[in-house]
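These are the residues of each chain, in order.
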Amino acid sequence: MGFARTCSVALVGVEGVVVEVQADLEPGVAAFTLVGLPDKSLTESKDRVRAAVVNSGGAWPQKKLTVGLSPASVPKSGSGFDVAVACAVLGAAERIDPRVLTDIVMIGELGLDGRVRPVRGVLPAVLAAADAGYEQVVVPECTAAEAALVPGVSVLGVRSLRQLIAVLTDEPVPEEEPDEPGRPDPMLAGLCVPGAGVGTGLSGGLDDARHLDLSDVVGQRSARTAMEVAAAGAHHMFLQGPPGAGKTMLAERLPALLPPLTREESLEVTAVHSVAGILPPGKPLVATAPYCAPHHSATMQSLVGGGKGLPRPGAVSLAHRGVLFLDEAPEFTGQALDSLRQPLESGHVVIARSAGVVRLPAKFLMALAANPCPCGRHTLVGDGCDCPASVVRRYQARLSGPLLDRIDLKVQVEAVTRSELSGYGERGESTRTVADRVRAARERAAARLAGSGWRTNSEVPGHALRTRWPAAPGALDVAELDLERGFLTARGLDRVLRVAWTVADLAGRDRPSVQDVTLALQLRTGVSRGAPMAIGALT
């Protein structure tokens, strides 16, 4: 009887579980049995592995073969177990020393000719292997750079099963024929799955927005200030105004104001994109804030995650550590919008399905944009609105109160005037200028919050802000009066205090003043309180 075992990784959401792949050969009628809760794509690996071993010059054992995936209680899916299954079978057949395979984690799909093809989720799989104490992993050659992002792990990238067998048996490694220059590489097809983003309108932040500059937006002084505050404190924002006022232009320039991702944040974002199958080939690490703008016809499942079997990341997870922009927000279904309440508060989304429960990261900056009414002319002067008052109220009520209560900044975007559009007015600041102030404010907040576990002002609970970092004496009097009058909820008061801290950080103050809280109230409620709508005017 021959027996061998090696390891691979099963992905549950963006988390990995190390799976022991065991192969057992017994005398009897030649058969291949795969056990351990495999899905359809994994069950088909029997034929792929057999053809790959034969076409790689190996002999397929003519015995009763049983391959077990342990723990058997964890559902396994995908084709990333092929390499581990093939090596376990060859170890049981004594083509490879079984002792060599024991402490190696293998990830990759096999082609019928023995080539090792890339699969989704290599980074989270290697992270799981490292957390479990494994130090050696085998991955497809084109994903070796992604796997090498994990420190403390020795990565072997292979192009074919022949090469892997030679490495494991200390034989000369055969050279694979290089692809013809200029021809598309079919091996990269496994890295970017069409439709994996569920139509979420994903782009790579600064990489796709280098030609977009904040100075291109004319006018909109209040909205520009709100964007600066939103970027500095990671506050959610709601832009309301007539069509053509520049709401989408402003939102598209928001990711460029965010500071570059830290190493830890980059690994989090890359892991989500790798699992979703939207990680661009040749770019193993996402270093800039992502920007996700789903169409208003998006379903609840495409926003928070879903799909057959175990759920896949949705728009809120693809926008993790970046910007989620919902244009024409009232046109989204009420169910889809209300599904955002939980991730807005917790920074993650928990999806329960019959196949299992998945926890996906979803810490994003949300920007909503909406017209004041169906025709969009409700707030315009000299252009009559055709919508009855009841229609306007119904349209605006599509954004529920609990959802709007989670929005820190509400800004009325005014129509652009002729003088502003003609360039007679003063040109606004560039993205680089505003981004420098945002970065300085973030550094100021990070120094204050060091050791607390929070990074931005929007994450700090209201109780901590009131006790550990109190505002200036009397600064909250106006906000507390609004709370007594019912204009603010308790959550709203906490959010006003968070915004006031961000304004103070941008202005270079040690703690919020009355003027900072007034501007925060103005940005929170959308009602003018006499505070200047410019950070520079507060210094």
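Residues numbered from 1 in each chain as written. Predicted model: local features only at pLDDT ≥ 70, side-chain atom pairs only at ≥ 80, totals over all residues. Heavy atoms only, no water.

Asker: Help me understand the overall build of the protein chain, please; the structure alone is not making it clear to me.
Answerer: If you tally the helices and strands in the protein chain, you get 22 helices and 17 strands. Oriented by its inertia axes, the alpha-carbon framework of the protein chain measures out at about 85 × 50 × 45 Å. When burial is assessed residue by residue, the protein chain has 51% of its 539 residues classed as buried. Of the roughly 23,300 Å² that the protein chain leaves accessible, carbon and sulfur atoms contribute 52%. (Helix = DSSP H or I, 4+ residues; strand = E, 2+ residues; numbered from the N terminus. Buried < 20%, exposed > 50% of the residue type's maximum accessible area, 1.4 Å probe, protein only. Areas by Shrake-Rupley, 256 points an atom, 1.4 Å probe, with all protein chains shown as cover.)

Asker: Hey, could you run me through the pattern of salt bridges in this one?
Answerer: Inspection of the entire model under this criterion finds 27 salt bridges. For Arg437, the salt bridge identified is with Glu228, shortest N-O distance 2.7 Å. Here Glu228 lies in helix α8 (residues 221–233) and Arg437 lies in helix α18 (residues 431–448), a separation of 209 residues in the sequence. We classify Glu228 as buried; its relative accessible area is 5%. The residue Glu345 makes a salt bridge to Arg495 at a minimum N-O spacing of 2.6 Å. One end of the pair, Glu345, is in helix α14 (residues 341–346); the other, Arg495, is in helix α21 (residues 490–507), and 150 residues separate them in sequence. By relative accessible area, which is 4% here, Arg495 ends up buried. Look at the salt bridges and you will find they share partners, linking Glu345, Asp405, Arg406, Asp408, Arg491, Arg495 and Arg524 into a network. (Salt bridge = Lys/Arg side-chain N within 4 Å of Asp/Glu carboxyl O.)

Asker: Looking at this model, I keep getting lost on the nonpolar core. Mind explaining?
Answerer: Within soluble globular proteins, side chains that are nonpolar tend to cluster in buried spots. Counting residues in each nonpolar core, the largest one holds 55 residues, and the members touching the most others are Met237, Leu254, Leu409 and Leu523. Sorting elements by how many residues they give to this core places α21 first, with eight residues. If we skip the residues at most four places from it in the chain, Leu523 touches Ala226, Val229, Asp408, Leu409, Lys410, Val499 and Met533. Counting 38 residues, the second largest nonpolar core, distinct from the first, contains Val21, Ala84, Leu101 and Val138. (Core = buried A, V, L, I, M, F, W, Y, C linked by side-chain atoms within 4.5 Å. Contact = heavy atoms within 4.5 Å.)

Asker: What exactly am I supposed to notice about the side chain of Asn371 here?
Answerer: Counting through the fold element by element, Asn371 comes out in the loop between β16 (365–370) and α15 (389–396). Polar side-chain contacts of Asn371 include one of 3.4 Å to the side chain of Glu328. With near-sequence residues (within four places) excluded, Asn371 lies in contact with Gln240, Gly241, Pro242, Pro243, Lys247, Glu328, Gly376 and Tyr395. (Polar contact = N/O pair within 3.5 Å; in protein donor to acceptor, adjacent residues only side chain to side chain.)

Asker: Mind showing me how you'd approach helix α3 (residues 82–92) here?
Answerer: For an α-helix, 3.6 residues make a turn, and residues three or four places apart therefore share a direction. Counting buried residues along α3, 11 of its 11 residues qualify, which places the element largely inside the surrounding structure. Within the span of α3, buried status applies to Asp82, Val83, Ala84, Val85, Ala86, Cys87, Ala88, Val89, Leu90, Gly91 and Ala92. Phi turns positive one or two residues past the end of α3, at Glu94, with a value near 65°.

Asker: Looking at this model, I keep getting lost on the side chain of Arg448. Mind explaining?
Answerer: Structurally, the position occupied by Arg448 is in helix α18. Among the polar contacts listed, one links the side chain of Arg448 to the side chain of Asn457, at a separation of 2.7 Å. Those residues in contact with Arg448 that sit more than four places away from it in its chain are Asn457, Trp469, Trp501 and Asp505.

Asker: What is the right way to read the environment of Leu161 from this model?
Answerer: By the secondary structure assignment, Leu161 is in helix α7 (residues 161–168). Counting along the chain gives 108 residues from Leu161 to Val53, while the straight-line C-alpha distance between them is 7.5 Å. Leu161 has contacts with Ala52, Val53, Ser56, Ala86, Cys87, Leu110, Gly114 and Val116, leaving out every residue within four places of it along the chain.

Asker: Quick question: what am I supposed to make of the environment of Val434 here?
Answerer: Assignment of secondary structure puts Val434 in helix α18. Val434 sits in the buried class, given a relative accessible area of 3%. Between the C-alpha atom of Val434 and that of Leu257, which follows or precedes it by 177 residues, the distance is 6.8 Å. Each residue touching Val434, except ones within four places of it in the same chain, is listed here: Leu214, Glu228, Leu257 and Glu429.

Asker: Would you mind going over the confidence of the model for the protein chain with me for this structure?
Answerer: A low pLDDT means the predicted coordinates there should not be read in detail. Chain-level pLDDT for the protein chain is 87 on average; 90% of the residues reach the 70-or-more range. Within the protein chain, the element-level pLDDT minimum falls on strand β10 (residues 202–203), averaging 55, and the maximum on strand β5 (residues 104–106), averaging 97. Low pLDDT, under 50, characterises residues 204–208; the predicted model gives this stretch 14 contacts beyond four residues in sequence or across chains. (pLDDT = per-residue confidence, 0-100.)

Asker: Whenever I open this one, the packing of aromatic side chains confuses me. Can you help?
Answerer: By the definition in use, this model includes three aromatic pairs. Ring geometry for Phe32 against Trp60: centres 5.6 Å apart, planes inclined by 40°, an arrangement best described as tilted. Taken together, the positions of Phe32 in strand β3 (residues 31–35) and Trp60 in the loop between α2 (45–55) and β4 (64–70) put the pair 28 residues apart, joining distant regions of the chain. Trp60 shares its class with Phe32; the two are buried. Between Trp454 and Trp469, the aromatic rings sit 6.4 Å apart at their centres with planes inclined by 75°, giving edge-to-face as the arrangement. With Trp454 in the loop between α18 and α19 (462–467) and Trp469 in the loop between α19 and α20 (477–485), this pair connects stretches of sequence that are 15 residues apart. A relative accessible area of 12% means that Trp469 is categorised as buried. (Phe/Tyr/Trp six-rings, centres within 6.5 Å; stacked < 30°, edge-to-face > 60°.)

Asker: Can you help me understand α2 in this one?
Answerer: The set of residues buried in α2 consists of Ser45, Arg48, Val49, Ala52 and Val53. Down the axis of α2, the sector holding all buried residues measures 125°, keeping them to one side. Among the structural elements, β3, α1 (40–43), α3, β6 (109–110) and α7 are those in contact with the buried residues of α2. (Arc of directions from axis to C-beta.)

Asker: What exactly am I supposed to notice about the packing of α8 against α21 here?
Answerer: How two helices sit against one another is set out by the angle between their axes and by the gap between those axes. It is the contact of α8 with α21, at a shortest axis distance of 9 Å, that shows an interaxial angle of 100°. Comparing the axis directions of α8 and α21 gives the class roughly perpendicular. The residues of α21 that touch α8, namely those facing Glu228, Val229, Ala232 and Gly233, are Val499, Thr502, Val503 and Leu506. Partitioned by chemical class, the residues of the contact of α8 with α21 number five nonpolar, two polar and one charged. (Axes fitted to C-alpha atoms, helices over the stretch in contact; angles between N-to-C directions. Parallel < 35°, antiparallel > 145°, perpendicular 65-115°, else oblique. Nonpolar A, V, L, I, M, F, W, Y, C, P; charged D, E, K, R; others polar.)

Asker: Honestly, the environment of Met300 in this entry has me stumped. Any pointers?
Answerer: By the secondary structure assignment, Met300 is in helix α11 (residues 300–304). Using a relative accessible area of 23% as the deciding quantity, one classes Met300 as partly exposed. Separated by 35 residues in sequence, Met300 and Gln335 place their C-alpha atoms 6.6 Å apart. Those residues in contact with Met300 that lie beyond four places of it in its chain are Gly305, Gln335, Ala336 and Ser339.

Asker: What is the right way to look at the packing of α2 against α3 in this model?
Answerer: At a minimum axis distance of 10 Å, the contact between α2 and α3 shows a crossing angle of 60°. One element, α2, and the other, α3, form an angle in the oblique class. Read as a crossing pair, α2 and α3 show a hand that is right-handed. On the side of α2, the interface is formed by Ser45, Arg48, Val49 and Val53, while α3 contributes Asp82, Val85, Ala86 and Leu90. Broken down by class, the residue content of the contact of α2 with α3 amounts to five nonpolar, one polar and two charged. (Left-handed = near helix turned anticlockwise from the far one by under 90°.)

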